[in-house]
Amino acid sequence: MTTIGIEDYGFATGSRRFELADLAEHEGIDANKYLVGIGQEAFSVPTFDEDIVTLAASAATTMIDRLSPDARDSIRTLIVATESGIDQSKAAAIYVHELLELGPHVRAFEIKQACYGGTAALATAQGIVARHPDERVLIVATDIARYDPDSSGEATQGGAAVALLISASPRILAFDKAQGLSTEDAMDFWRPNYRTTARVDGRLSIQVYIRQVLSAWDDYSGHGGRPFTDLHTLCYHQPFTKMASKAHLKLARHLESGQTPSDLDAQLAPTFRYNRIVGNSYTASMYVGFLGLIEHADDLAGRALGFVSYGSGAMCEVFSGEVLPTYLKTRHTEATTAMLDARQPVDFATYRELYYGYPNPTDGSAFETPHDTSLPFRLAGIDHDERRYATSA
Ligand code: CAA
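Residues numbered from 1 in each chain as written. Predicted model: local features only at pLDDT ≥ 70, side-chain atom pairs only at ≥ 80, totals over all residues. Heavy atoms only, no water.

## Quick notes on the overall build of the chain
Inclusion rule: For the purposes of this entry, the term helix denotes a DSSP run of H or I that reaches at least four residues, the term strand denotes a run of E that reaches at least two, and both are numbered from the N terminus. Accessibility here uses a 1.4 Å probe with only protein chains present; expressed as a share of the type maximum, an area under 20% marks a residue as buried, one over 50% as exposed, and anything in between as partly exposed. The contact definition used throughout considers only heavy atoms, calling two residues in contact when any of these lie within 4.5 Å. Only the protein chains shown count as covering a residue, and every accessible area follows the Shrake-Rupley method with a 1.4 Å probe.
Scanning the chain for helices and strands turns up 14 helices and 17 strands. Expressed along its principal axes, the backbone C-alpha trace of the chain runs to roughly 60 × 55 × 40 Å. Split into buried and exposed, the 393 residues of the chain put 59% on the buried side. Of the contacts formed within the chain by residues at least 6 apart in sequence, a portion of 76% connects residues at least 24 apart. Working note: accessible area of the chain is about 16000 Å², and carbon and sulfur atoms make up 49% of it.

Given below as structure tokens:
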């Protein structure tokens, strides 16, 4: 059977950083509600010339540049997963394909199921590589999470993109065959076409998330999945890091795993490093957790990792894989650290202006964006409902 897994990856996030302590100050509440209660410290804020397309292309570009010409030509599928898309019809993948200068013979499309979309792309990619082991599939999970100002969701915003190269010659992680699935119809979080911000029932969303995780886990076990305690670390979807802790505890109890609180923490906390300061990145969030883990843990070779991918509405998939020894030479810790450290801090007023005042003309009028991003690609402007993208150089 063909081994399929992650060969390489890329990561991008918004160029500005907003501290949740400043949101707490605006609200006149104790900052520990955010720092401790939901386990978040800050979130990334996109500039006016950043959107899900520029984040996606910026995440993928360095990885594409690292490939040999033959390996580059073997990318015949590009899937962009997002739930904050910029067009109801044209796929963000077409714009990303153009910015990355991939050849014409590529199947490029967008995929959606709330925060689960990145994993839907991954499952699709594995099927394609199983059928054509000589091909590579580029998947990019990219999102900017937006809730109404002064809503309870405001603290759980953020944005990022993670690009993964899926192939039959993995260097980071080899996927197991077992996959656990669970779907139910729930109105916990959704965004009708006419809205720019999500609707959410926060309490219900937590309940549905946990219910779905238990159901998907049982299905994973029933399909030959690894025992819970064999998993060195689990990467959960992380709208906020405390959500992963809640779900992990419930799952351990459901399985009567007998682990101590510190065992459970050890199985989870290393995935929080980036999410705590990037915020919710919807489809990318679980993969941001995975990058935070592999870029800072040196003892993962041969270890089994679990993945718990949840998307409201609702769908959950549990899967697993084994870390390959070559991950140590393939990871890009310094580049990620430099990108995260380069984000400029913004105060409350600037964050609000960037987050809610971004260009979104609905009357066909023209808008030129100032050049503010520190990422390789930018949204140069919008004119007659057409988005114009450019390189930042
Ligand atoms: N010190 C320490 N902890 C404090 C505190 C303080 N001073 N003040 C409050 N807390 C704790 C609370 O006890 C609570 O902890 P528990 O849940 O463990 O009891 C926590 O901080 C949060 O407090 P509240 O429940 O009062 O917070 P809230 O109701 O204002 O908002 C939220 C929380 C509902 C998650 C809200 O942020 C939200 O709606 N977020 C968006 C929805 C979401 O992320 N849902 C997650 C599941 S859905 C999903 O995963 C898909 C997706 O990406 C959206």
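## Describing the packing of helix α3 (residues 52-66) against helix α5 (residues 92-99)
Heads up, the condition is: Here an axis means a line fitted to C-alpha atoms, over the contact stretch when the element is a helix, while the angle between two N-to-C directions is reported on a 0 to 180 degree scale. Each angle receives one of four descriptions, namely roughly parallel if under 35 degrees, roughly antiparallel if over 145, roughly perpendicular if within 65 to 115, and oblique otherwise. The sense of a crossing depends on the near helix, which, turned anticlockwise from the far helix by less than a right angle, makes the crossing left-handed and, turned clockwise, makes it right-handed. Nonpolar residues are Ala, Val, Leu, Ile, Met, Phe, Trp, Tyr, Cys and Pro. Charged residues are Asp, Glu, Lys and Arg, and all others, Gly as well, are polar.
At a minimum axis separation of 9 Å, α3 and α5 run at an interaxial angle of 45 degrees. Considered as vectors, α3 and α5 are oriented oblique to each other. The handedness of the crossing between α3 and α5 is right-handed. For the pair α3 and α5, the contacting residues are I52, V53, A56 and A57 in the first and A92, Y95, V96 and L99 in the second. Here the residues of the contact of α3 with α5 sort into 8 nonpolar, no polar and no charged.

## Considering the environment of A163
Note on placement: A163 falls in strand β7 (residues 158-167). When the C-alpha positions of A163 and H371 are compared, they lie 24 Å apart, and in sequence the two are 208 residues distant. Setting aside chain neighbours within four positions, we find A163 in contact with D8, Y9, G10, A59, A60, M63, L138, I139 and V140.

## As for the pairing of β7
Here is the rule: The pairing criterion for strands is at least two bridges between them, as found by DSSP.
Among the 10 residues in β7, 10 count as buried, and that is most of the element. Where burial is concerned, the two faces of β7 agree: the one with G158, A160, V162, L164 and I166 and the one with G159, A161, A163, L165 and S167 are both buried. Bridge count between strand β1 (residues 5-13) and β7: 8 bridges; the pairing is antiparallel. In the strand pairing of β7, I6 is matched with I166. Note: strand β6 (residues 136-145) against β7, 9 bridges, orientation antiparallel. Residue pairing across strands places I139 opposite L164, the latter belonging to β7.

Keep in mind that these numbers describe shape and distance, not what the molecule does.
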